[in-house]
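Survey of secondary and tertiary structure
Listed here are the chains, written in short residue letters.
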Amino acid sequence: MQRTAEAVLIPVGALCAALLLFGVFMLLVGKDPLQVYALIYKGGFGSSFAWQSTLARAAPMTLTALCAAIPAQAGLVIIGAEGALLLGGLAAAAVGSSVAGAPLLVQVCMALAAMVVGGAWVMLAGALRHLRGVNETISSLLLNYIAIALFNHLVEGPLRDPASLNKPSTLPIGEVNMLGNFPGLDVHLGLAFGVVFCLLCWVLVRHTSVGFALRIVGGNVRAARLAGLPVGLLLLGACGLGGAAAGLAGMVEVAAVHGAANASLVAGYGYAGVLVSFIARHNPLAVLPVALLLGGIAASGGQLQRHLDLPDASVLVLQGIAFMTILAAESLRGKLRWFTPAEA
Amino acid sequence: MATVALDLEMIDVTKRFGGFVALDGVSLRAPRGSFHALLGENGAGKSTLVKCLVGYQLADSGQVIVDARERDIRTPQQAHAIGIGMVYQHFTLVPCMSVAENLVMARAQVPMIIDWRREREALEDALRGLPFRVPLDVPVANLAAGEKQKVEILKQLYLGRRLLILDEPTSVLTPAEADEVLGYLKGLTRAGALTVLMITHKFREVMAFADAVTVLRRGRVSGTGSIPGLDVADLGALMVGTREGFAGAAEHASPAAPPARLGDRPALEIRALEAEGDNGLPAVRSLSLQVRPGEIVGIAGVSGNGQRELVQTLIGQRQRVSGAIQVGGVAYRATRAQMRALGVSALPEEPLGNACVREMSVAENMALRSFDRPPLAAGGLWLRRREFTRQARQLISDYKVKTRGPEAPIGTLSGGNVQRAVLARELSRKAAVLIVANPVFGLDFAAVAEIHQRLRKARDEGTAVLMVSEDLDELLEVSDRLLVMFNGRIVHETPTALADVGTIGRHMAGHAGMESSPSTQTTASSQ
């Protein structure tokens, strides 16, 4: 009970601290912090339009967060979701624009292609770590830059739609193949992908022997070897699954929002997912509310711009502060008196 | 470098950790300019003693007298001020900095702005009188291990230390490098510039370089003397305990297993095994042994002779270089399926670090071997938490594990209870082979007896037990057959009932082949 309270209260406290610090920052630039908070709330959750905009942003974040959360079970810190999202999206666009058939079939092919490519990309970092001892955090970060370069090269070169003049894009996947909205809502179906993927991952981690084995590897790799677990396979599998989730986020962005792969895909959802995963303490279920919260904050950027004449990147400052306070608050874990059970 | 060595005397030093007496009235004297060796098994109290001297720990009682004045050393800084310094087993130099930078930065007071030209001149001056040269401008990372250790010593001298404590200074060096470094130190002590107190496991170094030796055993001085006066056999006997001590232990020893109960075919057979240590050097060399069902085979040896690597190879934590391991006649590759099918269990040393996940609960840790099988996992996939708890409750009560409950993180248990929990897990299924390493290290008397009892019981039920321990008494008490490991090889084998401590001590020291008269050896082993 106390451990659960600690797991919830520490990140919530850190978020409050981040809001306070952001308020100080707003005071310094001459804005009323209370008005800013009110606008963030209004822009994120204050109306049905705000909710729709929040959910649209939360959808890819739930998936990219898994790219950090699943490998984290096996003790890896992976920040390669951005690259997996881009290449996954590119693969989805390439498949979507070339495969003919029923829309559902095309969509399934797009999703599979995106997941395979995204998964393979992040597995590169896992393989480097397992076989050569390369730090997976650094390698997955660097793989992001390689992915961006590769993405730009392909979108502006071999895969470019000649009709896309000002904004180089791949061929469009076609209106019929787009993911639609939830009936009666202006929220695309990609959100369902995220929710289902999170639930499945939570079941995998919490309730299956595979997830248990992953957590043993993450907790103590020597104990895992003693138990005869296939450590390399588990590490690669975790990276592959995480990468598949991020790749699927790319497919959702292409199939539900942009209709083709282009520079709009480079929107930072991969990095935001890392933030989501850390705030959620790498718990796939907690990823959902946290993604919603950060989606709301991101969605409110426009409000701040319109009403207070602040650049819409101001909310990135809030995100950055939140990341720092969360990481700092992690060090308090187990050190606060209130949460330490009295030893018998 | 006209320093004068310190004269050291420690009188009646006692140190307790809770109920455990680490040092029990230890006295030691190292006169000015002497080279004093400190011998003892792991856990004998050597490190605690020198930590009390350098100020990392405070003794509960006892005196430290340096140059005829009693000193109250409470911090390392105070020890440094007196002129006491320490060189550790592992290097404390900054690899990417040059030797000169390392030396200057180590000083207690470094000015904000360093005038490197003046520092260089001062450094050259200070090092002029030393018999060996080290290149000052080379980054430490580019130096060989022996040179690094020399720089460590140089650093201490440069800082004006006149009593140097060395904690296994040669464990990272080749024998030739070790001889050079120790020979140099020996020269300094001869010249009266330095007093050396060296912790070591290597009898050879003691015989070649030390003037005097103090042997610790279980927190007490078991012997002391000047080196020409003691020979290797004496040292071995002092370190592992006397003949009388063994006779006492032998009374507890269970009768040797009757041959009928032993299976004919070995349950565990190792042939020509080769494995490397963390440093990439050979640690286990062409090692062969057999363990039959229903016997406990003990491996004795001074620590660092490849025992750790042998155990890690057997339990799946280290890749072997070559050689064959067979369990029940089947080639063994330490996979999970084989561990289960062939019944291989393990109780490695430091079970919390080697066999447990600290943050996971007792119940989860107890499920480490069985979580992917019914009844703990339906269909091998779906975890059933209730079964986890049920299994844990059963094992906790069977093995008397003291814990707040099955859900307590295993990291909150005491050492003995972690040991019990792991043993419970490893023996809860039928084990054909059990690999054990230092199973009672740091445990109290009652826990020791209980764990030994469990091992004997497993043996009596037909398990082949291979037990590596640095505590010879433990092996003499528990094992049926005793092997001695030295330098990665098995160098001696004897039934425990016929074991002679003197012979074993000599083999542990690697000196058996160099004994002066072969006849003594024969008589000794036939006793």
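The structure displayed is predicted, hence computed values, not measured ones. The numbers attached to residues start from 1 for each chain and follow its sequence in the written order. Chain labels run from A onward and ligand labels from 1 onward, assigned in the order the entries are written. Given that this is a predicted model, residues contribute local features only at a pLDDT of at least 70 and side-chain atom pairs are listed and counted only at 80 or more, while totals for whole chains, interfaces and linings are drawn from all residues. As a convention, hydrogens and water are excluded, and side-chain values are obtained from all of the structure's heavy atoms.

Some remarks on the overall build of chain B
Note the threshold: Here a helix means four or more residues in a row that DSSP labels H or I, a strand means two or more in a row labelled E, and each is numbered from the N terminus. Two residues qualify as a contact provided that any one of their heavy atoms is within 4.5 Å of a heavy atom in the partner residue. Using a 1.4 Å probe, accessible areas were evaluated by the Shrake-Rupley method; residue-level cover was limited to the displayed protein chains.
The secondary structure content of chain B amounts to 19 helices and 22 strands. For chain B, the share of sequence-separated contacts (at least 6 apart) that also reach a separation of at least 24 residues comes to 68%. Of the accessible surface of chain B, which amounts to about 22700 Å², a share of 53% is contributed by carbon and sulfur atoms.

Details of the sheet that holds strand S15 (residues 330–331) of chain B
All names here are of chain B. The condition is simple: When DSSP locates at least two bridges between a pair of strands, those strands are taken to pair. The angle between two axes is taken between their N-to-C directions and runs from 0 to 180 degrees, where each axis is a line fitted to C-alpha atoms and a helix contributes only its stretch in contact.
Here we have 4 strands laid out as an open sheet, ordered S12-S11-S14-S15, and antiparallel in their pairing. This sheet does not close on itself; its edge strands, each paired only once, are strand S12 (282–291) and S15. Two strands pair when backbone bridges link them, and strand S11 (residues 268–276) and strand S14 (residues 322–327) are joined in this way by 5 bridges, in the antiparallel orientation. Bridge pairing links Ile270 to Ile325 in S14. The strands that helix H10 (residues 307–315) touches are S11, S12 and S14; relative to S11, the one it contacts most, it runs at about 115°.

Brief notes about empty space enclosed by the protein
One water molecule sets the probe size; rolling that probe over the atoms shows where empty space is left. All names here are of chain B. Heads up, the rule is: A pocket, in this scheme, is an open set of points on a 1 Å grid over the protein atoms alone with protein on both sides within 12 Å along at least 5 of 7 lines, while a cavity is a set where a 1.4 Å probe fits but cannot get out; residues line either one if an atom lies within 4 Å of a point. Grid points are joined across faces, edges and corners, and a volume is the space filled by probe spheres set on the points. Note on residue categories: nonpolar means Ala, Val, Leu, Ile, Met, Phe, Trp, Tyr, Cys or Pro, charged means Asp, Glu, Lys or Arg, and polar means any other residue, Gly included.
Applying the stated criterion across every chain, the model contains 2 cavities of 30 Å³ or more. Its boundaries defined by the atoms lining it, the second largest cavity holds a volume of some 30 Å³. Along the walls of the second largest cavity sit Leu268, Leu314, Ile325, Val327, Tyr332, Val344, Val433 and Ile435, which together make up its complete lining. Broken down by secondary-structure element, the contributors of at least two residues to the lining of the second largest cavity are S14 and strand S19 (433–437). The residue inventory of the lining of the second largest cavity, partitioned by class, reads 8 nonpolar, no polar and no charged.

Here's the deal with the environment of A:Ser300
Residue and element names in this part refer to chain A. The following threshold applies: Partly exposed describes any residue whose relative accessible area lies between the buried limit of under 20% and the exposed limit of over 50%, with all areas from a 1.4 Å probe on protein chains only and scaled to the type maximum.
Among the structural elements, Ser300 can be located in the loop between helix H12 (284–299) and helix H13 (301–308). With a relative accessible area of 0%, Ser300 lands in the buried category. Here the alpha-carbon distance between Ser300 and Gln107, two residues 193 residues apart in the chain, equals 31 Å.

Quick look at the nonpolar core
Put simply, the rule is: Within this scheme, the nonpolar core is defined by two criteria: the residues are buried Ala, Val, Leu, Ile, Met, Phe, Trp, Tyr or Cys, and they are joined through side-chain atoms within 4.5 Å.
Formed by 124 residues in total, the largest nonpolar core has its most connected members in B:Leu185 and B:Leu472. Not counting the four nearest positions on each side in its chain, B:Leu472 is found in contact with B:Glu41, B:Val240, B:Ala300, B:Leu482, B:Val501, B:Ile504 and B:Met508. Core analysis: the next-biggest nonpolar cluster, separate from the first, contains 100 residues, A:Ala74, A:Ile173, A:Cys239 and A:Ala291 among them.

Observations regarding the interface of chain A and chain B
Threshold: Buried area, as used here, totals the accessible surface that two parts lose on assembly, with accessibility defined by a 1.4 Å probe and the loss added over both. Salt bridges are defined as contacts in which a side-chain nitrogen from Lys or Arg sits within 4 Å of a carboxyl oxygen from Asp or Glu.
Facing the 21 residues of chain A at the interface are 33 residues of chain B. In total, chain A and chain B occlude about 2200 Å² of area from one another, counting both sides; carbon and sulfur atoms represent 60% of this. Per-residue buried area on chain A facing chain B is highest for A:Ser209, A:Phe212 and A:Leu226; these three make up 31% of the total on that side. Connecting chain A to chain B are 1 salt bridge.

Concerning helix H5 (residues 103–132) of chain A
Residues and elements named next belong to chain A. Convention followed: In a helix, the anticipated span is given by 1.5 Å times the number of residues less one.
Between its first and last C-alpha, H5 extends 43 Å over 30 residues, near the 44 Å set by a 1.5 Å rise per residue. Among the residues making up H5, those that are buried are Val106, Gln107, Met110, Ala111, Ala113, Ala114, Gly118, Gly119, Trp121, Val122, Ala125 and Gly126. Of the surrounding elements, those touching the buried residues of H5 are helix H3 (48–73), helix H4 (81–98), helix H6 (136–156) and helix H10 (231–258). Two residues or fewer past H5, Gly133 is found with a positive phi of approximately 75°.

Here we look at the pattern of salt bridges
The final tally for this structure, using the stated rule, is 35 salt bridges over all chains. A:Glu330 serves as the salt-bridge partner of A:Arg281, at 3.6 Å between the closest nitrogen and oxygen. A residue pair is termed long-range when its members are at least 10 positions apart, and A:Arg281 in the loop between helix H11 (269–279) and H12 and A:Glu330 in helix H14 (residues 314–330) qualify at 49 residues. Its relative accessible area of 35% is what places A:Arg281 among the partly exposed residues. B:Glu119 is the salt-bridge partner of B:Arg107, the closest N and O atoms lying 3.0 Å from each other. Here the residue B:Arg107 occupies a position in the loop between helix H3 (99–105) and helix H4 (116–127), and B:Glu119 occupies one in helix H4, the gap between them amounting to 12 residues. Given a relative accessible area of 24%, B:Arg107 falls into the partly exposed group.

Overview of the sheet that holds strand S5 (residues 69–71) of chain B
Residues and elements named next belong to chain B. The strand order S2-S1-S4-S5 describes an open sheet built from 4 strands, whose pairing is antiparallel. The sheet terminates laterally at strand S2 (20–30) and S5, the two strands that pair on one side only. Here the average twist between neighbouring strands, direction ignored, is 30°.

A look at unusual backbone geometry
Residue and element names in this part refer to chain B. Of note, the amide linkage connecting Pro374 to Pro375 takes the cis form, showing an omega dihedral of 5°. Relative to the helices and strands, Pro375 is located in the loop between helix H13 (362–366) and strand S17 (377–378). Positive phi, normally seen in glycine, also occurs at Ser286, with a value near 40°. Along the polypeptide, Ser286 turns up in strand S12. Its relative accessible area of 42% is what places Ser286 among the partly exposed residues.

Describing the confidence of the model for chain B
Selection criterion: For every residue, the pLDDT score states the predictor's confidence, bounded by 0 at the bottom and 100 at the top.
Mean pLDDT over chain B works out to 85, with 90% of the residues at or above the 70 mark. Here residues 243–260 of chain B is modelled with pLDDT under 50, and outside its nearest four sequence neighbours on either side it reaches 18 contacts, counting other chains as well.

Concerning the domain arrangement of chain B
We count it as follows: What counts as a domain boundary in this text is fixed by an automatic or database domain assignment.
Parsing chain B into structural domains produces domain 1 (8–91 + 144–242), domain 2 (292–319 + 332–343 + 430–527) and domain 3 (352–429). For domain 1 of chain B versus domain 3 of chain B, the distance between C-alpha centres works out to 42 Å.

Overview of the side chain of A:Thr62
Residues and elements named next belong to chain A. Rules: Polar contacts here mean pairs of N or O atoms no more than 3.5 Å apart (in protein, one a potential hydrogen donor and the other a potential acceptor; neighbouring residues in sequence count only if both atoms are side-chain atoms).
With respect to the helices and strands, the residue Thr62 is situated in helix H3. For Thr62, the side chain forms a polar contact with the main-chain oxygen of Ala59, separated by 2.6 Å. Among all residues touching Thr62, those that are not within four sequence positions of it are Gly194, Cys198, Val287, Leu288 and Ala291.

Thoughts on the packing of H4(A) against H11(A)
When two helices pack together, their arrangement is given by the angle between the helix axes and by the axis-to-axis distance. Residues and elements named next belong to chain A. Rules: Each angle is binned into one of four classes, with values under 35 degrees roughly parallel, values over 145 roughly antiparallel, values of 65 to 115 roughly perpendicular, and all other values oblique. The hand of a helix crossing depends on one turn: near helix anticlockwise from the far one by less than a right angle means left-handed, and clockwise means right-handed.
It is at 7 Å that the axes of H4 and H11 come closest, and there the two elements cross at 135°. Viewed along their axes, H4 and H11 adopt a mutual orientation that is oblique. The handedness of the crossing between H4 and H11 comes out as right-handed. For the pair formed by H4 and H11, the contact residues are Ala81, Glu82 and Leu85 on the first element and Tyr269, Gly270 and Tyr271 on the second. Across the contact of H4 with H11, the residue classes tally to 4 nonpolar, 1 polar and 1 charged.

Some remarks on the environment of A:His307
Residues and elements named next belong to chain A. For His307, the location among the structural elements is in helix H13. Residue His307 is classed as partly exposed on the basis of its relative accessible area of 48%. For the pair His307 and Val36, spaced 271 residues apart in sequence, the C-alpha separation works out to 9.4 Å. Ignoring anything within four residues of it in the chain, the contact list for His307 reads Leu39 and Lys42.

Regarding the packing of H4(A) against H5(A)
All names here are of chain A. It is the contact of H4 with H5, at a shortest axis distance of 7 Å, that shows an interaxial angle of 145°. The chirality of how H4 crosses H5 is right-handed. Contact with H4, carried on its side by Gly83, Ala84, Leu87, Gly88, Ala91, Ala92, Val95 and Gly96, involves Val106, Cys109, Met110, Ala113, Ala114, Val117, Gly118, Trp121 and Val122 of H5 and no other residues of that element. Split into classes, the residues belonging to the contact of H4 with H5 amount to 13 nonpolar, 4 polar and no charged.

A closer look at the pairing of strand S16 (residues 344–347) of chain B
As a general feature of sheets, a regular strand has side chains that alternate between the two faces. Residue and element names in this part refer to chain B. Residues of S16 alternate between two faces, with Val344 and Ala346 on one and Ser345 and Leu347 on the opposite face, all of them buried. Bridge count for S16 against S19 is 4 bridges, and the pairing is parallel. Looking at S19, one finds that Ser345 is bridged to Leu434.

Things to note about the pairing of S14(B)
Residue and element names in this part refer to chain B. The pairing of S14 with S15 spans 2 bridges and is classified as antiparallel. By the bridge assignment, Gln326 is partnered in S15 with Ala331. The hairpin formed by S14 and S15 contains 2 residues between the paired strands, and Gly328 there has a positive phi angle of roughly 55°.

Focus on the packing of aromatic side chains
All names here are of chain A. Going by this rule: Note on aromatic contacts: the rings of Phe and Tyr and the six-membered ring of Trp form a pair at centre separations within 6.5 Å, being stacked when their planes are under 30 degrees apart, edge-to-face when over 60 apart, and tilted otherwise.
If you walk through the whole model with that rule in mind, you get 6 aromatic pairs over all chains. A centroid spacing of 6.1 Å and a plane angle of 40° characterise the contact between Phe22 and Phe25, whose relative ring orientation is tilted. Taken together, the residues Phe22 and Phe25, both in helix H1 (residues 2–28) and 3 residues apart, mark about one turn of the helix. Judged by its relative accessible area of 0%, Phe22 is buried. By relative accessible area, which is 31% here, Phe25 ends up partly exposed. Between the aromatic rings of Tyr41 and Phe45, the centroid separation amounts to 6.4 Å while the plane-to-plane angle is 40°, which identifies the pairing as tilted. Taken together, the positions of Tyr41 and Phe45, both in helix H2 (residues 33–45) and 4 residues apart, correspond to about one turn of that helix. Here Tyr41 falls in the exposed class, since its relative accessible area comes to 55%.

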